[in-house]
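Chain by chain, the residues:
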Amino acid sequence: MHDLSAAELAAGLRKGDFTSQELTRHFLDRIGRLDERLNSFITVTADQALAEAAAADRRLAAGEGGPLTGIPYAHKDIFCTDGVRTSCGSRMLDDFIAPYDATVTERLRAAGAVMLGKTNMDEFAMGSSNETSYYGPVRNPWDTDRVPGGSSGGSAAAVAAGLAPLATGTDTGGSIRQPAALCGITGIKPTYGRVSRWGMIAFASSLDQGGAMARSAEDCALLLQAMAGFDPRDSTSAERPVDDYLAALARPLEGLRVGLPREYFGEGLDPRMAGVVEAAVGVLEGLGAQRVEISLPNMELSVPTYYIVAPAECSSNLSRYDGVRFGYRCQDPVDLEDLYKRSRGEGFGAEVKRRIMIGTYALSAGYYDAYYLKAQQVRQLIVEDFRRAFESVDLVLGPTSPTPAFRLGEKVDDPVTMYLSDIYTIGVNLAGLPGMSVPAGFIDGLPAGVQLIGNYFDEARLLNVAHRYQQATDWHRRTPEGFA
Amino acid sequence: MEWEAVIGLEIHAQLATRSKIFSAASTAYGAPPNTQACAVDLGLPGVLPVLNAEAVRMAVKFGLATHSNIARRSVFARKNYFYPDLPKGYQISQYELPIVYDGWLDIELDEGETKRIGITRAHLEEDAGKSLHDAFEDMTGIDLNRAGTPLLEIVSEPDLRSAREAVAYMKKLHALVRYLEICDGNMQEGSFRCDANVSVRRRGEHRFGTRTEIKNVNSFRFVERAINYEIERQIDILESGGAVVQETRLYDSARDETRSMRTKEEANDYRYFPEPDLLPLVLDDAWIEEVGQTLPELPDAKKARFVDDYGLSPYDAGVLTATRELADYYEAVVAACGGTAKLAANWVMGELSGALNKAGLEIGASPVTAEALGGLLRRIEDNTISGKIAKQVFEAMWAGEGDADQIIDQRGLRQITDPAAIEAMIREVMEANPKQVEQYRAGQEKLFGFFVGQVMKASRGKANPAQVNAALKQLLAGD
């Protein structure tokens, strides 16, 4: 059952080939047997999942429910889940039982999807390798000595290994797309404002966006359809209707203008990765698309810009973790200062502390203009680059990451090299555009992905292009050895 | 050497919305600790603020009433600092682009002059919770009921030159926000609080001296005392050759002094930056105009009308329009008594205000309603009772013995105006005092007062004094 797509599972449930309870047990059983090799789940909610599956079976038997009813999914541990620990990968929230549901959780619950558990992630979504999690690193199912990418590494690994057909993710600088690429699955980060951030624990508020991860574009469409939509509880949520993603999947690609930014193919890109991207463009050309060379002249500024904006916002967002009301509190504080210093010092990991310090510095009196304000100005230039690009193309295509999955520990002590692995993805967050990663080949037995970047609220087109591409290729159908 | 004080006030007015500025929790005062704090107020992971439209409407009302500019686009910002009663570790406020800016307010000085005080800006922000340091031994309690309550921070230009001007400005603002019904003005509950920036300089000097900020003073009297203390303190320092340190000071009302709280060096770096969880607040002209149409008559306009329509002195009109409730009460009395507005003014400012002060009551809690007081004044107007008797009746009304007519009847206080009855009383008095009559008739006219007194006494105060006078004169003349 785990090799079926979510769309096929939904059909199977309706035909009576299996029940949601059988399906759920099957995935829970796989998690129980296989996840010790991956560490992709922080919390498995087996009892709750089976109860939800039973409820889904009743709905299905009554002829009710929608396309996700009875389908299991893995939920990134950044989304609040009422009554279930929501750790955000941090010691700080190790004992935090969320008293409410995130909007995404609520919507998936209403759709009848069955939550298998909460997936591992970089602490507070800060990381590109899933090595910053308090719960230990996640391993890549294609090579367990390698990282799955981050920060949604648990979700990516779980889907790649067939532990869940669908998973949620969040993406602040590439945290859906990069792990999707490194694990050989499909992932979409929609336009900023498309998916509500209510109940999604904040890292960098102006960049964070929830999205969908699955093996295929079609399954991503299915999941994103349920997640997306206006939410009055999130003031940055877009008040516009959601397109019918499934209906748009099969549209032909004739005349599609695919922009290839010169800057994405320069130094630092593994030539074999360039080959993967080139081959993917060839496939799209075969489907009627045409290539257009474009320029995103300020792309090289995206990494330094991002590493001002994101830490600045995180330094403020994470101030609430002070040991006073919830979360980790140090033993026997002697006074308030001690309570703050030790609770935060012991509760946060090294990467989180590094970013809080960078952000605090960038916002400090005397530095604000030189760093934060300048970064906001550069951010506008990046927005402008993409705006100009979309005057002549329908989507932008490039690599998702410069290299395939690297080894555990390889970059963990070199934050700058680690940060550079996000170079192709973070401009998309700074501009608030939708981006997607699609499996497009292998390098030394490791998956490689291409990234599709769309114009604002053009998720339907991204999914459409990815789907047509996946009908012509089978990279997304490959499964890692040992997880068949 | 003559010194001049330079004062600017920052006033925090708690906006009278039913729910908080960024959450749906109630803002009602006095609930048990932490029963009115929802997930947003607690700053739980994942929560987001949503701006309360009513708070925006109130801020705009204030801006329009103070001749200010209303920003078509204003921006919320985060003010970052750690404190246990600040759940998120930052306060959502407005920084570079406030909703209201560049306005003014006229205040009345003692000499009857007015002075225009500039309003630099007024911005929306959320209040913090409360730290309760006395409730638990060796521990501090945190009550987050107040966290997220909407505040309008109103910043004046440094246009004030004395503690009295500062208090006049503060009182004017206090009246205004209550007129606008955007703040209940309850200073004991902290709904209207003041920070004062004070510096001194030699008269004629144009540059400002180093200022200190006195935090959180919550009564008019304390503001005046704190500022005066601070002015004296700074002058003493400067005159003895020292320098004022820029710092934040606290006013201790028990000792009547200000004390250093933290110096500039110890001040927090708030690391303001635009609040990414909220979009810029954009207002259009039509909406602002719609809000403008809901403005009530404002204190200055009302005062002018009282002078014009009721023929009151500017002073009386000022007293009667000090609060909207008092002005409304006064107008209801005038309507009910149908008589002279001046008589009504005298009674409202005299007997009624005196009784309210004595009992420590606000006008809204007066046991004598405007209609009842009007009924009493009507009986003075139509000569049913004299002004002196009316005071007795008022006391009985205050004590809840009924309306004026009931009391007049029950106590038999109706004025005696029957000429025959009055003549009979006079004759009785004359018969009882033949010697005085003789002396009066012999030219001792100052005895007239004695006879008036005797007649009034005989009538137990009820005889119409004018009639008594006229009749006495006639009868004593010995016709």
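Procedures and definitions
Residues numbered from 1 in each chain as written. Chains lettered and ligands numbered in written order. Predicted model: local features only at pLDDT ≥ 70, side-chain atom pairs only at ≥ 80, totals over all residues. Heavy atoms only, no water. Helix = DSSP H or I, 4+ residues; strand = E, 2+ residues; numbered from the N terminus. Rg over C-alpha atoms; globule rule 2.2 N^0.38 Å. Buried < 20%, exposed > 50% of the residue type's maximum accessible area, 1.4 Å probe, protein only. Contact = heavy atoms within 4.5 Å. Pairing = 2+ DSSP bridges. Axes fitted to C-alpha atoms, helices over the stretch in contact; angles between N-to-C directions. Polar contact = N/O pair within 3.5 Å; in protein donor to acceptor, adjacent residues only side chain to side chain. Buried area = accessible area lost by both parts, 1.4 Å probe. Salt bridge = Lys/Arg side-chain N within 4 Å of Asp/Glu carboxyl O. Nonpolar A, V, L, I, M, F, W, Y, C, P; charged D, E, K, R; others polar. Parallel < 35°, antiparallel > 145°, perpendicular 65-115°, else oblique. Expected span 1.5 Å × (residues − 1). Bend = angle between axes of the 7 residues up to and from the residue. Left-handed = near helix turned anticlockwise from the far one by under 90°. Patch = residues over 30% accessible without salt bridge, like charges linked within 9 Å, V, L, I, M, F, W, Y side chains within 5 Å. Areas by Shrake-Rupley, 256 points an atom, 1.4 Å probe, with all protein chains shown as cover. pLDDT = per-residue confidence, 0-100. Phe/Tyr/Trp six-rings, centres within 6.5 Å; stacked < 30°, edge-to-face > 60°. Lys NZ or Arg CZ within 6 Å of the ring centre and 35° of its normal.

Here we take up the overall build of chain A. Along chain A, the regular secondary structure elements total 16 helices and eleven strands. For 484 residues, the compact-globule formula gives about 23 Å, and the C-alpha radius of gyration of chain A, at 21 Å, lands near that figure. For chain A, the C-alpha atoms occupy an extent of roughly 65 × 55 × 45 Å along the three principal directions. A buried classification covers 65% of the 484 residues belonging to chain A.

When you line up the elements, Leu298(B) lands in the loop between α5 (285-292) and α6 (299-310). Ignoring anything within four residues of it in the chain, the contact list for Leu298(B) reads Ala65(B), Leu176(B), Tyr179(B) and Leu180(B).

Now for the sheet that holds strand β14 (residues 257-263) of chain B. All names here are of chain B. Taken in spatial order, the nine strands line up as β2-β6-β7-β10-β1-β11-β12-β13-β14 in an open sheet, and their pairing is mixed. Since the sheet does not close on itself, it has two edges, and those belong to β2 (69-70) and β14, each with one partner. Bridging between strand β1 (residues 3-14) and strand β10 (residues 150-156) involves five bridges; their strand directions are antiparallel. Directly across from His 12, in β10, lies its bridge partner Glu 153. Helix α3 (residues 163-179) contacts β1, β6 (100-108), β7 (114-126), β10 and β11 (192-202) of the sheet and is inclined by roughly 110 degrees relative to β6.

Taken together, the three strands give an open sheet; going across it, the order is β5-β4-β15 (chain B), and neighbouring strands pair in antiparallel fashion. The open sheet has two edge strands, β5 (90-94) and β15 (273-274) of chain B, and neither has a second partner. Here helix α10 (residues 302-317) of chain A sits on the sheet in contact with β4 (76-80), β5 and β15 of chain B, set at roughly 65 degrees to β4(B).

Here we take up the side chain of Ser40(A). Residue and element names in this part refer to chain A. Along the polypeptide, Ser 40 turns up in the loop between α2 (20-34) and β1 (41-44). Within the structure, the side chain of Ser 40 is placed 2.6 Å from the side chain of Asp 35, a separation counted as a polar contact. The contact partners of Ser 40, leaving out residues within four places of it in the chain, are Asp 35, Thr 119, Asn 120, Val 138, Gly 154, Ala 157, Ala 158 and Leu 163.

Here we come to the interface of chain B and chain A. Interfaces are often sized by the accessible area lost when the parts come together. Every contact between the two is made by 30 residues of chain B and, on the other side, 37 residues of chain A. Interface area, chain B with chain A, both sides summed: about 2700 Å², of which 60% is carbon and sulfur. Where chain B packs against chain A, one counts one salt bridge. Close ionic contact of Asp277(B) with Arg197(A) constitutes a salt bridge, the shortest N to O distance being 3.0 Å. Counting every contact that joins chain B to chain A gives 18 residue pairs in polar contact (both at pLDDT 80 or more). Considered class by class, the residues forming the side of chain B that touches chain A number 21 nonpolar, four polar and five charged.

In this section: the pairing of strand β5 (residues 186-189) of chain A. As a general feature of sheets, a regular strand has side chains that alternate between the two faces. Residues and elements named next belong to chain A. Taking every second residue as pointing to the same face, both faces of β5 are buried, with Thr 186 and Ile 188 on one and Gly 187 and Lys 189 on the other. Pairing between β5 and strand β6 (residues 210-214): three bridges, direction antiparallel. Its bridge partner lying in β6, Thr 186 is registered against Ala 214. Bridge count for β5 against strand β10 (residues 435-443) is three bridges, and the pairing is antiparallel. Bridge pairing links Lys 189 to Gly 435 in β10.

A separate point is the packing of helix α9 (residues 271-286) of chain A against helix α16 (residues 459-472) of chain A. Residue and element names in this part refer to chain A. Contact geometry of α9 with α16 gives a least axis separation of 10 Å together with a crossing angle of 95 degrees. Comparing the axis directions of α9 and α16 gives the class roughly perpendicular. For the pair α9 and α16, contact is made by Ala 280, Val 283 and Leu 284 and by Val 465, Tyr 469 and Ala 472, respectively. Each residue belonging to the contact of α9 with α16 can be placed in one class, and the counts come to six nonpolar, no polar and no charged.

Another aspect to go through is helix α4 (residues 220-239) of chain B. Residues and elements named next belong to chain B. With 20 residues, α4 extends 29 Å from end C-alpha to end C-alpha; this agrees with the ideal 28 Å at 1.5 Å per step. All of the buried residues along α4 are Phe 220, Phe 222, Val 223, Ala 226, Ile 227, Glu 230, Ile 231, Arg 233, Gln 234 and Ile 235. Where α4 is buried, its residues meet β1, α3, β11, β12 (212-217), β13 (247-252) and β14. Where α4 ends, the next residue or the one after it, Gly 241, has phi of about 85 degrees, a positive value.

Let's shift gears to helix α9 (residues 341-359) of chain B. All names here are of chain B. An ideal rise of 1.5 Å per residue puts 27 Å on 19 residues; α9 measures up with 25 Å between its terminal C-alpha atoms. Considering bend angle alone, the principal kink of α9 is centred on Ser 353 and spans about 35 degrees. Of the positions making up α9, those classed as buried are Ala 341, Leu 343, Ala 344, Ala 345, Trp 347, Val 348, Leu 352, Ala 355 and Leu 356. Buried residues along α9 sit in contact with α6, α7 (314-320), α8 (324-337), α10 (370-381) and α11 (387-398).

Moving on: the packing of α9(B) against α10(B). All names here are of chain B. Interaxial distance between α9 and α10 falls to 11 Å at its minimum, and their mutual angle equals 130 degrees. Taken together, the axes of α9 and α10 lie oblique to each other. You can see that α9 and α10 cross each other, and the crossing is right-handed. Across the interface between the two elements, Leu 343, Ala 344, Trp 347 and Val 348 of α9 pack against Leu 373, Leu 376, Leu 377, Ile 380 and Glu 381 of α10.

Residues Tyr361(A), Tyr367(A) and Tyr371(A) make up a contiguous nonpolar surface patch of about 280 Å² in total accessible area. The residue Tyr367(A) is located in the loop between α12 (350-363) and α13 (369-389) in this model.

The tally for this structure, following the rule as stated, stands at 67 salt bridges over all chains. Taking the shortest distance from any N to any O, the salt bridge between Asp252(B) and Arg255(B) comes out at 4.0 Å. On the accessibility criterion, Asp252(B) (16% relative accessible area) is buried. The network of salt bridges with common partners includes Arg197(A), Asp234(A), Arg78(B), Glu275(B) and Asp277(B).

As a further point, take the pairing of β10(A). All names here are of chain A. Taking burial as the measure, the nine residues of β10 include eight buried ones, the bulk of the element. In this structure, β10 lies alongside strand β11 (residues 446-454), joined through eight bridges in antiparallel fashion. Bridge assignment links Phe 442 to a residue of β11, and that residue is Pro 447. Hairpin connection of β10 to β11: two residues between the antiparallel strands, including Asp 444 at a positive phi of 55 degrees.

A residue-level look at chain B finds 100% of positions with pLDDT of 70 or above and a mean pLDDT of 93. For this predicted complex, the interface confidence score (ipTM) comes to 0.96, while the overall pTM stands at 0.90.

Tallied over the entire structure, the rule returns 31 aromatic pairs over all chains. With 5.9 Å between their ring centres and 70 degrees between their planes, Phe124(A) and Phe348(A) make a pair best called edge-to-face. On the criterion of sequence distance, the pair formed by Phe124(A) in the loop between β3 (114-119) and α5 (153-160) and Phe348(A) in the loop between α11 (336-347) and α12 is long-range, its members being 224 residues apart. On the accessibility criterion, Phe348(A) (4% relative accessible area) is buried. On the numbers, 3.6 Å between centres and 5 degrees between planes, the contact of Tyr95(B) with Tyr272(B) is stacked. Taken as a pair, Tyr95(B) in the loop between β5 and β6 and Tyr272(B) in the loop between β14 and β15 lie far apart in primary sequence, 177 residues in all. Its relative accessible area of 38% is what places Tyr95(B) among the partly exposed residues. One aromatic cluster is present, built from ring pairs that chain together Phe96(A), Phe124(A), Tyr321(A), Phe326(A) and Phe348(A). Over the face of the ring belonging to Tyr270(B) we find Lys79(B), whose NZ or CZ atom lies 4.4 Å from the ring centre. For the cation-ring pair, Lys473(B) lies above Phe448(B), with the distance from its terminal atom to the ring centre recorded as 5.1 Å.

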